[in-house]
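Observations on chain architecture
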Amino acid sequence: MSRIEEKVAALGLTLPPTHAYPSPNRTPAVLSNGILFLSGHGSGRHAMPENVKQHGKVGADATEDEAYQTARAVALQMIASIKQAVGDLDRVTRVIRLYGMVNSAPGFDRQFAVIDGASDLFYEVWGPERGLHARAAVGIAELPRRALLEIMGEFEIRD
Amino acid sequence: MSRIEEKVAALGLTLPPTHAYPSPNRTPAVLSNGILFLSGHGSGRHAMPENVKQHGKVGADATEDEAYQTARAVALQMIASIKQAVGDLDRVTRVIRLYGMVNSAPGFDRQFAVIDGASDLFYEVWGPERGLHARAAVGIAELPRRALLEIMGEFEIRD
Amino acid sequence: MSRIEEKVAALGLTLPPTHAYPSPNRTPAVLSNGILFLSGHGSGRHAMPENVKQHGKVGADATEDEAYQTARAVALQMIASIKQAVGDLDRVTRVIRLYGMVNSAPGFDRQFAVIDGASDLFYEVWGPERGLHARAAVGIAELPRRALLEIMGEFEIRD
């Protein structure tokens, strides 16, 4: 097992199955020129832990703390997609950037606290050098299947 | 004529003229390190086919099926921008990722079905290997000139 | 002093201090494979000039002209982040792309005119070849700390 997968296991986490898209036109991640571009990973998908809030708007249907846990669960799905795409999580040499979109009730303005659920997990797993990343976390109007949040991102991959 | 342009023609499609920006500060696409970064291509622009819905919110001013056709027309404009930027569409070795923003009426949550209009066209044109891409499709609050949707993306270009 | 810093000074501008994130998990910019990926830079942060509108929605709490000035101030913060990340602004060989998110009142549809505040500054500073960039400018539902706007982007960096 790779070092990064050992870290994931040491945190008590198990990689979920990757998302099966309904159409053949797209895939969870594409590697080009040393950068892995991830699709938006939304919380409306299957295979989320039972206690995770998946749908609605933060500030109305879910609290900030609940949404933090949702972001952490989505980040774990992103890690599963990375493994599927590049084979070995140890090939990730840098978490480059995350773009977190939070389905926000009017007036909710603490998207950074929600997406920290993902940022904290990446930071824990890849450590202070490889895990330190750029980010934007914003409030989006609507998401597919009323997902509570969706995250995409870029990761540096070594050959 | 290049192989990809032949495919576009075989689908009965003609590349539209590219967008003329009102300001000299920006351009439809920038190539850097083997990746072509496309500007957001919105449906509010000129040179759209007459029967395409250009403005308003999906779920109120346009149906999902109408918006699918709009996304297909916007994808064709993106292809025109790619050709202008790199000269030959055969230089595209991978559709990397699309970011589709759908001007969504409250509660509309099927952005994936709308942006499939673009994804399907790229997949048809570049085929199952080069055309398979990453994607996010989300609901945006407002778009310039009340455009129904806007799409940006990244494409891998060989020298 | 570098040529680009001289240009900034000649415009009567001074680089502000960079943003201190509350969490160690993220940073203003990450360089990978020759591309500098910038975090979202929002107008809600500290160290903005006193006369700049920082909060609310364009079209309700700020005019288009006021928001243009806000975008210009945010672009200056981005330049400060670039300098911190790569040491010398002369290393920027191309402004690749900006993604501008404007906190928009319902019906406000001139996001392009707002984000021109940033595009114009980058164009003035880096000139017509290096400063010509791709861009999307859209209306976002909510932003952290009710920021009036937020901008992220990618910049090409030479070794």
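Conventions and cut-offs
Residues numbered from 1 in each chain as written. Chains lettered and ligands numbered in written order. Predicted model: local features only at pLDDT ≥ 70, side-chain atom pairs only at ≥ 80, totals over all residues. Heavy atoms only, no water. Helix = DSSP H or I, 4+ residues; strand = E, 2+ residues; numbered from the N terminus. Rg over C-alpha atoms; globule rule 2.2 N^0.38 Å. Contact = heavy atoms within 4.5 Å. Least-squares fit on C-alpha atoms with pLDDT ≥ 70 in both. 1 Å grid on protein atoms, 1.4 Å probe; cavity = no way out; pocket = protein on both sides within 12 Å on 5 of 7 lines; lining within 4 Å. Points joined across faces, edges and corners; volume = space filled by probe spheres on them. Nonpolar A, V, L, I, M, F, W, Y, C, P; charged D, E, K, R; others polar. Buried area = accessible area lost by both parts, 1.4 Å probe. Salt bridge = Lys/Arg side-chain N within 4 Å of Asp/Glu carboxyl O. Polar contact = N/O pair within 3.5 Å; in protein donor to acceptor, adjacent residues only side chain to side chain. pLDDT = per-residue confidence, 0-100. Expected span 1.5 Å × (residues − 1). Pairing = 2+ DSSP bridges. Axes fitted to C-alpha atoms, helices over the stretch in contact; angles between N-to-C directions. Buried < 20%, exposed > 50% of the residue type's maximum accessible area, 1.4 Å probe, protein only.

Digging into the overall build of chain A
- Of the regular secondary structure elements, chain A holds three helices and five strands.
- Along chain A, from the amino end to the carboxyl end, the secondary structure elements read α-β-β-α-β-α-β-β.
- Here chain A has a C-alpha radius of gyration of 15 Å; the compact-globule value for 159 residues is 15 Å, and the two agree.
- Counting only C-alpha atoms and orienting by the principal axes, one finds that chain A spans roughly 45 × 35 × 30 Å.
- Here the analysis covers contacts within chain A between residues at least 6 apart in sequence; of these, 81% occur between residues at least 24 apart.

Thoughts on the relation of the copies chain A and chain B
- Once turned by 120° and shifted 0.0 Å along the axis, chain A lies on chain B with an RMSD of 0.0 Å. Here the copies are linked by what is in effect a three-fold axis. Ranked by how close their C-alpha atoms come to the rotation axis, the residues of chain A are headed by Ala-141 of chain A, at 3.0 Å.

Details of empty space enclosed by the protein
- Applying the stated rule across the entire model yields one cavity of 30 Å³ or more.
- Size it by volume and the largest cavity reaches roughly 170 Å³.
- Lining the largest cavity are 18 residues, and of these Arg-97 and Glu-154 of chain A, Arg-97 and Glu-154 of chain B together with Arg-97 of chain C lie nearest its centre.
- Secondary-structure elements contributing two or more residues to the lining of the largest cavity are strand E3 (92-103) and strand E5 (149-157) of chain A, strand E3 (92-103) and strand E5 (149-157) of chain B together with strand E3 (92-103) and strand E5 (149-157) of chain C.
- Class assignment of the residues belonging to the lining of the largest cavity gives a composition of 11 nonpolar, one polar and six charged.

What about the interface of chain A and chain C?
- Chain A puts 32 residues into the contact, and the matching count from chain C is 27 residues.
- Of the roughly 2300 Å² buried between chain A and chain C, counting both surfaces, carbon and sulfur atoms make up 57%.
- At the surface where chain A touches chain C, the tally comes to two salt bridges.
- As a salt-bridge pair, Arg-97 of chain A and Glu-154 of chain C come within 2.5 Å of each other at their nearest N and O atoms.

Let's talk about the relation of the copies chain A and chain C
- The transform that puts chain A on chain C rotates by 120° and translates by 0.0 Å along the axis, for an RMSD of 0.0 Å.
- Mapped onto chain C, only 16% of the interface residues of chain A are again interface residues, and the two copies thus contact each other with different surfaces.

Here we look at the interface of chain A and chain B
- Contacts between the two partners involve 27 residues from chain A, matched on the other side by 32 residues from chain B.
- Summing both sides of the interface, chain A and chain B together bury roughly 2300 Å²; the carbon and sulfur share of this comes to 57%.
- Among the residues chain A hides against chain B, the three largest losses belong to Asn-25, Arg-26 and Glu-142 of chain A. Together they make up 28% of the total.
- Scanning the region where chain A abuts chain B turns up two salt bridges.
- Put simply, chain A and chain B have 16 residue pairs in polar contact (both at pLDDT 80 or more) between them.
- Those elements giving two or more residues to the side of chain A that touches chain B turn out to be strand E1 (29-32), strand E2 (35-42), E3 and E5 of chain A.
- Counted by class, the side of chain A that touches chain B contains 13 nonpolar, eight polar and six charged residues.

Notes on the environment of Asp-88 of chain A
Residue and element names in this part refer to chain A.
- Inspection of the secondary structure assignment puts Asp-88 in the loop between helix H2 (64-86) and E3.
- For Asp-88, the residues in contact, after removing those within four places along its chain, are Ser-2 and Lys-83.
- At 2.8 Å, the side chain of Asp-88 forms a polar contact with the backbone nitrogen of Asp-90.

Thoughts on the confidence of the model for chain A
- On average, chain A scores 96 in pLDDT, and the residues at 70 or more come to 100%.
- Prediction confidence for the complex, expressed as pTM and ipTM, is 0.98 and 0.97 respectively.

With respect to helix H2 (residues 64-86) of chain C
- In a regular helix each residue adds 1.5 Å, so 23 residues correspond to 33 Å; H2 of chain C covers 33 Å between its end C-alpha atoms and thus fits that length.
- In the segment just after H2 of chain C, Gly-87 of chain C is the residue with positive phi, at about 85°.

Quick word on the sheet that holds strand E1 (residues 29-32) of chain B
Residue and element names in this part refer to chain B.
- Spatially, the five strands line up as an open sheet ordered E1-E2-E5-E3-E4, and their pairing is mixed. Each edge of the open sheet carries a strand with a single partner, namely E1 and strand E4 (134-140). On average, each strand axis in the sheet is inclined to that of its neighbour by 15°, with strand direction left out of account.
- Alignment of E3 against E5, held across nine bridges, turns out to be antiparallel. Across the sheet, Val-102 pairs through a bridge with Leu-149, a residue of E5.

What about the pattern of salt bridges?
Residue and element names in this part refer to chain A.
- Evaluation of the coordinates by the stated rule reveals 24 salt bridges over all chains.
- Among the salt bridges present, the one from Asp-116 reaches Arg-135, with a minimum N-O distance of 2.9 Å. Separated by 19 residues along the polypeptide, Asp-116 in helix H3 (residues 111-130) and Arg-135 in strand E4 (residues 134-140) bring together distant segments of the chain.
- Classification of Asp-116 as buried rests on a relative accessible area of 14%.
- Residue class for Arg-135 comes out buried when judged on its relative accessible area of 5%.

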